[in-house]
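Results of the structural survey
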Amino acid sequence: MNDYILSLNGITKEFPGVKALDDVTINVERGTIHGLVGENGAGKSTLIKVLAGIYQPNAGEVVLEGKTCHFSSPIEARRAGISVVHQEIKLAEPLSVAENMFLGNVMMKGGLVDWSGMRRRAQQIVDDLGMDIDINAQVSSLTVAKKQVVEIMHAINNNSKVLIMDEPSAVLTDRELEVMFRIVKQLRTKGITIIYISHRLDEVFDLCDNVSVLRDGQHINTLPISQVDRQGLINMMVGREMGQEYPKEPAELGDTILKVEHLSRGLLKDISFEVKSGEVFGISGLVGAGRTELARAILGIDKPESGEVYVRGKRVKYHTFSDAIRDGLGLIPEDRKLQGLVQIMSVKKNTTLVNMKRVIRGGVISSKLEEELSQEYAKKLRVSTPSMDTEVQYLSGGNQQKVVIAKWLFQNSEILFLDEPTRGIDVGAKAEIYRLINQMVKEGKTVIMISSEMPEILGMCDRIMVMHEGRKMGELMAGEATQEKIMALCV
């Protein structure tokens, strides 16, 4: 058994009306990869912020290498040896790779900045990790994956003892994931302890030595990964038996409701397909395949260069997204925070945003009607919120996604594009989203699901179209589709 490099003893953190962490006690073994899992709102982010010195606990203590620590700022936590690679990249984009690696820790020589010394040290770290990164390149020119590596190299340069990685794989391709996993395992061999937070349980089982489960702000259990299976971990996270992970229900398909013929725009080349009423139609492909671009071209967000779109048998030409909305189409975008919601507006206002006429009486918004209708949809979708007046920025990722869906159900969209509908949300919230998809198709609505998660595409779709570099490579019926067949078309 390794000794404990980090112990959290009775950590409690309260906010007005909410106990985010309730007497959490977790021990982390030195030189291991320690998974931290739980549903959105379980307390993972709050715990990370306590460790990083962003929040100070109301009770309890953090013990690092046997010494009790009280971090009043992130700088103090970093100096003690705790660094965080956040889900949202936090780098100085205009600066070079080397300059970012030394932010807050500049090397000096004779009272001047030691630029040559910093570049040598930066190159040494790059070489040790076996990365193909130009230390003089501007960070803004790098891919997301390489930006994350720069954050990791910044932590290594700060002599971090504990590196916390918050959803590092959320926006990475499979090839980039392989590189990230190699680096994480390499850091473990160098004696750096990793706390790895992810909703992707396959990663937790592939990478982690031990795993801790949080639920409703409480520590449920910590176990060696070898002593728990996937279903057992899910049950601990949600506090109940989950049943089938992809609860697809058969739906009665109607006539063709959407038809696309020879659509081209930029990356997109000669795309043709049809979707039937009541169908869950999947669009699969690797990052850069053109899936999101296809949705935007169909919906009038971007103007196609050529090709035709037919809705309910009628040729349409949407000049703006508003035209598509009025025709019964909707989009749950990939980036819910920036494109799907107005973060500083309430749950109520976001729900009614695209169909204000439903709550206008006598030329003014009826507050009573707005409250009643938004509550009805929040209840239908099981949105967990203190009130309908709560700003959506304070909701968990899963509940934010439900509000985006509520908005389009409130609009009564007949054809709904879901672009990465479950990215960054927990297994419990995913099950709720899948339940809603079943409900929508039962009501005769049509769902077009764009997803990078192949098990999700296989588990929830009636038919799957696979794209590669802007072209349609083929279609597979649900009964014949496998991960191997989809991947063969993807590449």
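Heads up: the structure comes first, above all this text.
In this report, the structure presented in the accompanying data block is examined.

Thresholds applied
Residues numbered from 1 in each chain as written. Predicted model: local features only at pLDDT ≥ 70, side-chain atom pairs only at ≥ 80, totals over all residues. Heavy atoms only, no water. Helix = DSSP H or I, 4+ residues; strand = E, 2+ residues; numbered from the N terminus. Rg over C-alpha atoms; globule rule 2.2 N^0.38 Å. Contact = heavy atoms within 4.5 Å. Areas by Shrake-Rupley, 256 points an atom, 1.4 Å probe, with all protein chains shown as cover. Lys, Arg positive; Asp, Glu negative; His and termini not counted. Charge placed at Lys NZ, Arg CZ, Asp CG, Glu CD. Patch = residues over 30% accessible without salt bridge, like charges linked within 9 Å, V, L, I, M, F, W, Y side chains within 5 Å. Salt bridge = Lys/Arg side-chain N within 4 Å of Asp/Glu carboxyl O. Buried < 20%, exposed > 50% of the residue type's maximum accessible area, 1.4 Å probe, protein only. Axes fitted to C-alpha atoms, helices over the stretch in contact; angles between N-to-C directions. Parallel < 35°, antiparallel > 145°, perpendicular 65-115°, else oblique. Left-handed = near helix turned anticlockwise from the far one by under 90°. Nonpolar A, V, L, I, M, F, W, Y, C, P; charged D, E, K, R; others polar.

**Side note on the overall build of the protein**
Tallying secondary structure elements over the protein gives 17 helices and 24 strands in all. Since a compact globule built from 491 residues should have a radius of gyration of about 23 Å, the 24 Å found for the protein is in line with a globular shape. Its C-alpha atoms give the protein principal-axis dimensions of about 75 × 50 × 50 Å. Here the contacts in the protein between residues at least 6 apart in sequence split such that 66% fall between residues at least 24 apart. For the protein, the computed accessible surface area is about 21,800 Å², with 49% contributed by carbon and sulfur atoms. If you average the places of the 60 positive and of the 65 negative side-chain charges in the protein, the two averages end up 4 Å apart.

**Thoughts on a nonpolar patch on the surface**
There is a patch of nonpolar side chains on the surface, built from Val106, Met108, Val113 and Trp115 and spanning about 370 Å² of accessible area. Relative to the assigned elements, tryptophan 115 resides in helix 4 (residues 115-129). Exposure remark for tryptophan 115: the relative accessible area of 43% places this residue in the partly exposed category.

**Some points on the packing of helix 4 against helix 5 (residues 144-157)**
In contact at an axis separation of 11 Å, helix 4 and helix 5 are set at 115 degrees when each is read in the N-to-C sense. With respect to each other, helix 4 and helix 5 are oriented roughly perpendicular. Handedness of the crossing formed by helix 4 with helix 5: right-handed. Touching Arg121, Ile125, Val126 and Leu129 of helix 4 are Met153, Ile156 and Asn157, all from helix 5. Across the contact of helix 4 with helix 5, the residue classes tally to five nonpolar, one polar and one charged.

**A short note on the pattern of salt bridges**
What the rule picks out here adds up to 28 salt bridges. Of the charged contacts, one joins arginine 291 and glutamate 420 as a salt bridge, the two residues approaching to 3.7 Å between their closest N and O atoms. Residue arginine 291 is found in helix 9 (residues 291-298), and its partner glutamate 420 is found in the loop between strand 21 (415-419) and helix 15 (427-442); the two are separated by 129 residues along the sequence. Relative accessible area serves as the criterion here: at 4%, glutamate 420 is assigned to the buried category. In this structure, arginine 326 engages aspartate 323 in a salt bridge whose closest nitrogen and oxygen atoms are separated by 2.7 Å.

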